[in-house]
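# A structural walkthrough
The residues making up each chain are set out below.
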Amino acid sequence: MVPGLVCPACGRQYEPGPDEPWRCACGAPLEIDATPAVPEMPPAFDRDQGLWAFHSLLPVDREVSLGEGFTPLVEAPEWNADFKLEYVSPSGSFKDRGATTTLSRAAALGVERIVEDSSGNAGAAIALYAARAGIDAEIYVPEGVKPAKRAAIAGTGATVVEVPGDRAAVSEAARSAVESGAGWYASHAWNPAFFAGTATTAFEIVAQRGGSAPDAVVAPIGHGTLFLGLFRGFEAMDAAGWIDQRPRLLGVQAAGVAPIANDGSGARNDFADGIQIAEPARNAEIERAIETTDGDAIAVGEAETRAAWKALHRAGFHVEPTSAVAVAGLETYRERDLDSTAEVVVPLTGSGLKTDPSA
């Protein structure tokens, strides 16, 4: 049986179904009303199952999959870190983790049509997995979205709706459509099933490191879907005794649109367009994740991001600009208080194949 939804803020509970609300009546984000029992850490995982090797830790059953997960964890000696290559996922970004769990829950509920809003990667992932599930998709994107990302969405047969204005206008248009009955909101920012998928990033990092957590993870923050997934995953493993310590979670945002880092810079980092989120849906949880892990959040500018992006390509990592934000941030954190001997993992979130090579 598919579990329902619950509001952590006010305690309201909602029955599962295609017409379930996308947020609580009190305005807060909802969570899946299920707490999987965490077993003892097994000696090995079946990597052929991808992220579904961790099915016992997830509140969603596998219904829709394209083999996502267990992305490579490779040494990056130039940065004294390990990079997790999320960009080799089926649609080219870490968003496939959330897409497989979100569309799996949608399929189990009998959803016939989904709605999502995105600057590109989440839309491409949700559209791809909706196509795999045989579920119609309507994806709202900013007017002028990168052509490669638009093509990736449209190529699945999804309806692409371009919205004038900023990223917030796109979200507002999508939510208005959902409220009008256009479909089930498969939002990577609001739908709790999405975070069940991104939490597997933390599970994999520990499994790939032989059962130990790193000292720190540096990740970009837009809506915080990866950042919060990491937090939830490490928190679950810490509570279950799988790891001895939770790593510091160090976030990186784009200068000019950095509400968590409280960046007052007037210079926008438009090169990293994928994380330009002025009002993250789960802002309070992001701040709690930073506080409870002795973490931090900083903003980096376009020049630093572009330099890191070029360096990554020269080192063999073909990523999009938003991935480079985290690497640029790593250098800043090293200059601040991150010890040179600290074991650090940086997820490289999206493929450079969706980026204009002349950028």
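Refer to the structure printed above.
Residues numbered from 1 in each chain as written. Predicted model: local features only at pLDDT ≥ 70, side-chain atom pairs only at ≥ 80, totals over all residues. Heavy atoms only, no water.

### Some words on the sheet that holds strand β2 (residues 13-14)
One open sheet holds the 3 strands; their spatial order is β2-β1-β3, and the pairing between them is antiparallel. Unpaired on one side and paired on the other, β2 and β3 (31-32) mark the two borders of the sheet. (Pairing = 2+ DSSP bridges. Helix = DSSP H or I, 4+ residues; strand = E, 2+ residues; numbered from the N terminus.)

### Observations regarding the nonpolar core
Within the largest apolar cluster, 71 residues are counted, with the highest numbers of intra-cluster contacts made by Ile114, Ile139, Leu230 and Phe234. Within the residue set of this core, elements represented by two or more residues are α1 (95-109), α2 (121-133), β7 (136-142), α5 (192-198), α6 (200-208), β10 (216-220), α7 (225-240) and α8 (283-292). Every residue in contact with isoleucine 114, bar those within four places of it in the chain, is listed here: Ile126, Ala130, Ile135, Asp136, Ala137, Glu138, Ile139, Trp184 and Ala186. (Core = buried A, V, L, I, M, F, W, Y, C linked by side-chain atoms within 4.5 Å. Buried < 20%, exposed > 50% of the residue type's maximum accessible area, 1.4 Å probe, protein only. Contact = heavy atoms within 4.5 Å.)

### Points about the sheet that holds strand β5 (residues 81-85)
In space, the 6 strands of this open sheet follow the order β4-β5-β13-β10-β11-β12, with mixed pairing throughout. Two strands close off the open sheet at either side, each with one partner strand: β4 (73-76) and β12 (296-300). When the angles between neighbouring strand axes are averaged without regard to direction, this sheet yields 25°. Note that β5 and strand β13 (residues 344-348) share 4 bridges and pair parallel. Following the sheet pairing, phenylalanine 83 is matched in β13 by valine 346. (Axes fitted to C-alpha atoms, helices over the stretch in contact; angles between N-to-C directions.)

### Concerning unusual backbone geometry
The phi angle at phenylalanine 70 is positive, at roughly 50°, despite the residue not being glycine. For phenylalanine 70, a relative accessible area of 13% corresponds to the buried category. One non-glycine residue, aspartate 294, lies in the positive phi region at around 55°. Residue placement: aspartate 294 occurs in the loop between α8 and β12.

### Quick word on the packing of helix α9 (residues 302-314) against helix α10 (residues 321-336)
Across the interface, α9 lies against α10 with an axial gap of 8 Å and an inter-helix angle of 100°. Classified by the interaxial angle, the pair formed by α9 and α10 is roughly perpendicular. Every residue of α10 that contacts α9 at Glu304, Thr305, Ala308, Trp309 and Leu312 is listed here: Pro321, Ala324, Val325, Val327 and Ala328. Of the residues contributing to the contact of α9 with α10, the split by class is 8 nonpolar, 1 polar and 1 charged. (Parallel < 35°, antiparallel > 145°, perpendicular 65-115°, else oblique. Nonpolar A, V, L, I, M, F, W, Y, C, P; charged D, E, K, R; others polar.)

### Quick notes on the side chain of arginine 282
Its place among the elements puts arginine 282 in the loop between β11 (248-254) and α8. Given the relative accessible area of 4%, arginine 282 is considered buried. Within the structure, the side chain of arginine 282 is placed 3.1 Å from the backbone oxygen of alanine 189, a separation counted as a polar contact. Discounting residues that sit within four places of it in the chain, arginine 282 has contacts with Pro29, Leu30, Glu31, Ala189, Trp190, Asn191, Pro192, Phe195, Leu228 and Arg232. (Polar contact = N/O pair within 3.5 Å; in protein donor to acceptor, adjacent residues only side chain to side chain.)

### Thoughts on α8
When we look at burial in α8, the residues that qualify are Glu285, Ile286, Ala289 and Ile290. An end-on view of α8 places all buried positions within 140° of arc, on one side of the element. Within α8, the exposed residues directed more than 90 degrees away from the buried face are Ala284 and Glu291. Next to the buried residues of α8 lie β3, α7 and β12. Note on α8: the residue one or two positions beyond its end, aspartate 294, has a positive phi of about 55°. (Arc of directions from axis to C-beta.)

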